[in-house]
Amino acid sequence: MDGAKSLLKQLQSTESIEQQEKFITQITKLIIELNDDDDEDDSGEVQKMVVESSAIDTLLSHLDGGCGDAGCKEEAIRIASSKFIAELAKTESVREPLVQRGFMPRLLTHLPSKNVGLATQVCRALGNICYDNDAGRLAVDEADGIATILKVLSNQIHNTDEGADQLRVIVCGFLLNLTNSNELLQTKAIEANILDLLNEVMLTHIQDQDLTNMALLTIGSITEADSGKMSVIHTGLLSTFKTLLDRKDNSHLYSVLLDLLNGIMESEPAKDQAAEIGLCDSLVAVINVSGQEDSESVKVASDVLVSILVGDNSMEHVYENGKGKVFLQCLEWLNSDQDTLQTLGCLAIGNFARRDSYCVELVDKGIVGKLLPLLKSAPDTSFYLQHAVLSTLRNLAIPVANKLRLLEQGVMEACLCLKNSEVMAVIFKLLGLLRMLIEGQESAAVKLGQDRGFLDCLSEWCSVEVHAGVKGEAPRVIASLIKNSKSVTVIQNLIRATCVGHLVAMAQSEHLVMQNEAVMALTFICSTSLGDAAVALKEADLAGVVSKLLKDDQLPAEMLCNVLSLTRAVMSAASTSFSSPCALLACTNLIPNAHKNLQEEIMNSSVMEQVRSLSQVHPESKVKDAAGQTLTQLERVLEGSKSTDLHDDPKARVQWLFF
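On a predicted model such as this, the values are computed, not experimentally measured, just so you know.

Some details on the pattern of salt bridges
Working step 1: The final tally for this structure, using the stated rule, is 21 salt bridges.
Working step 2: Taking the shortest distance from any N to any O, the salt bridge between Asp 64 and Arg 106 comes out at 2.7 Å. You can see Asp 64 sitting in the loop between helix H4 (55-63) and helix H5 (72-88) and its partner Arg 106 sitting in helix H7 (residues 103-110), a full 42 residues away along the chain.
Working step 3: With relative accessibility at 36%, the residue Asp 64 sits in the partly exposed group.
Working step 4: Notably, a salt bridge pairs Lys 325 with Asp 281, separated by 3.9 Å at the nearest N-O pair. Placement of Lys 325 in helix H22 (residues 325-333) and of Asp 281 in helix H19 (residues 279-290) is noted, with a sequence separation of 44 residues between them.
Working step 5: Residue Lys 325 is classed as exposed on the basis of its relative accessible area, which comes to 62%.
Working step 6: Judged by relative accessible area, Asp 281 falls into the partly exposed class, the value being 31%.
Working step 7: Within this structure, Glu 87, Lys 90 and Arg 124 form a network of salt bridges that share partners.

The following block contains the structure:
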């Protein structure tokens, strides 16, 4: 601290430019030492003292005047002053005060200097002041600084003078600090064609690793903006990135390049262009070369590759009718002894399996035989691989032509071995696959509906709170089992596994498709097995849910008709679904009361009034007709309840049951 005070005092007391330059240089060395010191508090105190001292006015005075109007002495002290500010601005607390003291416009005046040394130090000072400092960025913007900076970079592209290579790197660094996380300046830089300029810089100096690295980082900042991602495809940058990936001496750039590509590939046109120029081939080469030595590069390159394949056009381009080089490599990765490559192969194949015709071709090529061994051999910790295999199998199971073929190859049995997984992401994919497999496959649905262990798990998954996807998908599988099995036995198994109440909850879903699936499944239950299910339905408040659905004026006409069908199914049921007289006799005292109680709950709710209203005022004739039929059924039950109740006489009860 004392040394800094002494130097500042000497700087202020001398009028000799040579002496002032000497003291500025000495103070700069002191600041550099303090910056390198671990004791940041001392450094901050000294730098704060410098900014608040009158010596700062001396520095400002040396930066006054236009660019190019100084002699050697003046130019030398400007370089020293700019370097001093650059080192000073490495401390966060003094950046805004430097802006307030008016350094930004003065420094920008000298940025275009033909003196490479002066331009370099000025650029360092500006870049450091703008680091994580919006006040500095705003000052640059107000002085139309982006245009100035880009012109400097353009003028320096082909400069071979000593120090020009370092200046190019520093200008790119200044642009990075200026635009980082600042959408306004990113947009202005894009409008000023910064991406074209940076692309030219990299192509011209492709051997300069430091410059290329800094240019890539700057492009990464610029392409944070959506307009930046879209602009990339018009600049030729993707081709440049491919060139950089293909160079064997650029492995140190993989991390920056791949992170950059990962962000850019959010754009659909970028995916298409990447596929067209063969970027996928370059990514495959990076993955194969990096192997186990650079797992992070493999991971990010894999993410980029999969992202490209997510695009419809890009996926088709890479597939090349099943003969594409990248597609064949993806098949080959399934045979790897590295689970990261196996996972990548699965994810890639899953993206190719987004078109029905490709799914059929893939099964023809024997893909199932490659996937199932991975599922069986995957260790418990390799849930990424399990997740990827299940995702791919689900896509393959979507076409009707593939379902029976997958079932015949043992896909359902192989997948059910994962039902005890504690990884909910795996369970989510398992449920989706099973739902696709049993769609339209009665025997498969019946078989799955007889797996008591799976049904118990299914009931538990309906209540899972840690994974919304699993909680939503599990009741859909229950509904699918009922719809596709058409089996009373399966329904009774689901009732025993306490699955029925979850369908009532699903009928209240915010998703119309799920609501309708639940209502259809409940209608089938009530039409065939109401006696068995009545207690569970009553406990789940089926009456309240039906009432809520009927008064929902946003419900489509088709859905209203289905809810009315469910209501009729409940009200028309008069006996249980037990298959043997023994079972029927064993439940004589329970089942009739259960389904009667449910019917009474419907009658005691506002359902009848809602149905009557629908039959009179709903604009759709099919809803009116369905409501009329339902109203007739409700009135019939109401009239029956007013007559002598057979259930009041135990003998009559038994006689009715056996009849």
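Having seen it, we continue.
Quick word on the packing of aromatic side chains
Working step 1: A full pass over the atoms with the stated rule returns six aromatic pairs.
Working step 2: Plain terms: the ring middles of Tyr 319 and Phe 327 are 4.8 Å apart, the flat faces sit at 70° to each other, and that makes the pair edge-to-face. You'll find Tyr 319 and Phe 327 in the same group, each marked buried.
Working step 3: A ring pair is formed by Phe 383 and Tyr 384, whose centres lie 4.5 Å apart and whose planes are at 35°; its orientation type is tilted.
Working step 4: By relative accessible area, Tyr 384 is classed as exposed at 60%.

Considerations on a negative patch on the surface
Working step 1: A cluster of acidic residues, Asp 161, Glu 162, Asp 165 and Asp 210, forms a negative patch at the surface.
Working step 2: Mapped onto the fold, Asp 165 is located in helix H11 (residues 164-179).
Working step 3: Owing to a relative accessible area of 41%, Asp 165 belongs among the partly exposed residues under this scheme.

Some details on unusual backbone geometry
Working step 1: Here Asn 193, not a glycine, exhibits a phi torsion of approximately 65°, which is positive.
Working step 2: Residues other than glycine seldom take positive phi values, yet Glu 320 does so here, at roughly 50°.
Working step 3: You can see Glu 320 is positioned in the loop between helix H21 (312-319) and H22.

Some remarks on the side chain of Arg 137
Working step 1: Mapped onto the secondary structure, Arg 137 falls in helix H9 (residues 134-142).
Working step 2: In this structure Arg 137 comes out as buried when scored by relative accessible area, which is 6%.
Working step 3: Among the polar contacts listed, one links the side chain of Arg 137 to the backbone oxygen of Cys 130, at a separation of 3.3 Å.
Working step 4: At 3.4 Å, the side chain of Arg 137 and the backbone oxygen of Asn 180 are in polar contact.
Working step 5: Once residues within four sequence positions are removed from consideration, Arg 137 is found in contact with Cys 130, Asp 132, Asn 177, Leu 178, Asn 180, Asn 182 and Leu 185.

Considering the nonpolar core
Working step 1: Ile 85, Phe 241, Phe 352 and Trp 461 are the most contacted members of the largest nonpolar core, which has 221 residues in total.
Working step 2: Leaving out residues up to four positions away in the same chain, Phe 241 has contacts with Met 202, Leu 216, Ile 219, Leu 257, Leu 260, Leu 261 and Ile 264.

Notes on the packing of helix H18 (residues 268-276) against H21
Working step 1: It is the contact of H18 with H21, at a shortest axis distance of 8 Å, that shows an interaxial angle of 10°. As summarised for this structure, H18 and H21 are arranged roughly parallel, according to the angle between their axes. Here H18 runs over H21; the crossing is left-handed. Every residue of H21 that contacts H18 at Glu 268, Lys 271, Asp 272, Ala 275 and Glu 276 is listed here: Asp 312, Asn 313, Ser 314, His 317 and Val 318.
Working step 2: Here the contact of H18 with H21 is composed, by residue class, of two nonpolar, three polar and five charged.

Things to note about the environment of Ala 594
Working step 1: Take Ala 594: it is sitting in helix H39 (residues 591-604).
Working step 2: For the pair Ala 594 and Ala 534, spaced 60 residues apart in the sequence, the C-alpha separation amounts to 5.5 Å.
Working step 3: Aside from chain neighbours lying at most four places away, what touches Ala 594 is Ala 534 and Val 535.

Side note on helix H10 (residues 145-156)
Working step 1: Given a rise of 1.5 Å per residue, 12 residues ought to cover 16 Å, and the 17 Å separating the end C-alpha atoms of H10 matches this to within 8%.
Working step 2: Taken together, the buried positions of H10 are occupied by Gly 145, Ile 146, Ile 149, Leu 150, Val 152, Leu 153 and Gln 156. Viewed along the axis of H10, the buried residues span an arc of 155°, placing them on a single side of the element. For H10, the exposed residues lying more than 90 degrees away from the buried face are Lys 151 and Asn 155.

What counts, and where the lines are drawn
Residues numbered from 1 in each chain as written. Predicted model: local features only at pLDDT ≥ 70, side-chain atom pairs only at ≥ 80, totals over all residues. Heavy atoms only, no water. Salt bridge = Lys/Arg side-chain N within 4 Å of Asp/Glu carboxyl O. Helix = DSSP H or I, 4+ residues; strand = E, 2+ residues; numbered from the N terminus. Buried < 20%, exposed > 50% of the residue type's maximum accessible area, 1.4 Å probe, protein only. Phe/Tyr/Trp six-rings, centres within 6.5 Å; stacked < 30°, edge-to-face > 60°. Patch = residues over 30% accessible without salt bridge, like charges linked within 9 Å, V, L, I, M, F, W, Y side chains within 5 Å. Areas by Shrake-Rupley, 256 points an atom, 1.4 Å probe, with all protein chains shown as cover. Lys, Arg positive; Asp, Glu negative; His and termini not counted. Charge placed at Lys NZ, Arg CZ, Asp CG, Glu CD. Polar contact = N/O pair within 3.5 Å; in protein donor to acceptor, adjacent residues only side chain to side chain. Contact = heavy atoms within 4.5 Å. Core = buried A, V, L, I, M, F, W, Y, C linked by side-chain atoms within 4.5 Å. Axes fitted to C-alpha atoms, helices over the stretch in contact; angles between N-to-C directions. Parallel < 35°, antiparallel > 145°, perpendicular 65-115°, else oblique. Left-handed = near helix turned anticlockwise from the far one by under 90°. Nonpolar A, V, L, I, M, F, W, Y, C, P; charged D, E, K, R; others polar. Expected span 1.5 Å × (residues − 1). Arc of directions from axis to C-beta.

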